[in-house]
Every structure is written in structure tokens, then in C-alpha cells.
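Coordinate analysis (summary)
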Amino acid sequence: MKIKFDHSENLAADIYSFYFSTESQFVYTPGQYVELSIPGIADNKRWFTLSSSPTENLLAITTRLRRKDLSQFKTALMNLQPEANLNINGPFGDFVLPMLIQTPLVFVAAGIGITPFRSILKWLRDTEETRPIKLIYGLKTEDEIIFQDLIDEPGLHTTIIIVEPSDAWGGERGHLSSEAIAGLSKITDDSMVYIAGPEKMVASLQTDLVAHGLARHQVVTDEFPNYTAI
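Definitions and cut-offs
- Residues numbered from 1 in each chain as written.
- Predicted model: local features only at pLDDT ≥ 70, side-chain atom pairs only at ≥ 80, totals over all residues.
- Heavy atoms only, no water.
- Core = buried A, V, L, I, M, F, W, Y, C linked by side-chain atoms within 4.5 Å.
- Buried < 20%, exposed > 50% of the residue type's maximum accessible area, 1.4 Å probe, protein only.
- Helix = DSSP H or I, 4+ residues; strand = E, 2+ residues; numbered from the N terminus.
- Contact = heavy atoms within 4.5 Å.
- Pairing = 2+ DSSP bridges.

Quick word on the nonpolar core
Grouped together as the largest cluster of nonpolar side chains are 30 residues, with contacts concentrated most on Phe107, Ile114, Phe117, Tyr137, Ile160 and Tyr194. Where this core is concerned, the elements lending two or more residues are strand E7 (105-110), helix H2 (114-127), strand E8 (133-139), strand E9 (157-162), strand E11 (192-198) and strand E12 (219-224). With five residues, H2 is the single largest residue contributor to this core. If near-sequence neighbours (up to four positions away) are discounted, Ile114 is found in contact with Ala109, Leu135, Tyr137, Ile146, Phe147 and Ile151.

Looking at the sheet that holds strand E10 (residues 172-173)
Reading across from one edge, E10-E9-E8-E7-E11-E12 is the order of the six strands in this open sheet, with parallel pairing throughout. Each of the sheet's edge strands pairs with one partner strand only, and the pair in question is E10 and E12. Strand direction decides the pairing type here: E9 and E10, joined by two bridges, are parallel. Considered in E10, the bridge of Ile161 is made with Glu172.

Worth remembering: the numbers are spatial, not functional.
Shown next as C-alpha cells:
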């Protein structure tokens, strides 16, 4: 499908959201991802989880752009002009809410892995659907926190863990680990744990949680390649 670039927004540090309009309705489920391609460059395709909700008019992706080591693709993304034409394929993926609304959910976001949860939480807010959710959000510094309005949503139980906090930080400190996840959430036999973030970190957390007794079917993952662990 053809899409048009609308605008971008610098959310925090080197994290940006990019917004696109569609020529026709694009149907997707919160938490899914798309293949985005930019015409005119050799390295022209990447996969992005949508940070927008189906309840919003524009599609959005959110990514980290470190100017010192931008790829050809991300350089082109950064330099997009309004009304520029791009293409998307999809949607893809099963990082979506379970059918049963009473299922206890533990959302674990490592850094940029907050993006699919933003899509899901925005959709839940807009549709006024209530689910039992514990959000654990791990970051290197508190300057990287994004989507604050949604993670502060009443009824959402959120814990933010910072690896390198400032002296002013009054919240949790340390690294995301299976022990931290278990200690901060009441995981039961009917819980589902959703983990999103850098590929190696997600795989490690999944392996550790299963090794500590969580059933494999209780863990759902969204792995972001080419991102380093927080």
C-alpha cells in the first residue's frame, strides 16, 4: 500500500515518531508490525512495529536515530519531506492481546520495545476496554522515557527501572531480569507475559523466565533486531 509522510516528532533524546497518511483504510491489530520501504535508495526496507493505534487517523512508527551511525535507510527516513511517497506491506505478527479479557497481563518493555505497548494501551484507552495489566519499563536513563501520558494511565500498574539513573531519580534502579520481572509482578498459571525490545535481550529474558518455571506458551515476544541491550 502507498502511504504519504505527514510529519515527525522528537519524543526524547534520539527517539522519533514518524507519522503517515494512507490512501485507503489500513486494517491492523494493536501490537502488529509492517514492512516499510522508501523508494529511491538501495537499502530501502525495514520492519517496524506500529506505535499508533487503529483508533488514530495516522499510522506511526517510533525508532531511535543516532545521528553518528545512521544507516542509509534511517538517513532517508530522517530527511523525508511532507507528502513523500512510501510503501508498506502487512500487517504482520501475533504480538496482540489474548482473546480472554480477564487474562492477567505482564508487559515488559526494554527501551524502544515500548512501541507495541503504546499501540495496545492507546487502543484500550480509546475503546474503554479494561484489562489487568502490569507494565515493567526498563531504560538506560530516565531521559529516554516516552509515552508518559499512557504509562501514567489510571488503572495501569507501571514500574520503570533505570540502569543509569540520575541522583534525582526516585524509582527502581537496575537491569531488567527474570528475577526483577517476577519480583515486580504476580505471575500466575493463567498470566501472559509480553516482552518487547532488543533481540538478544528479549531472547535472554524469555529463556530465563521459562527456566524459572514459566510455561513457554505464557511468553509472547517482539524482538527488535539491530538494537543493543539497555
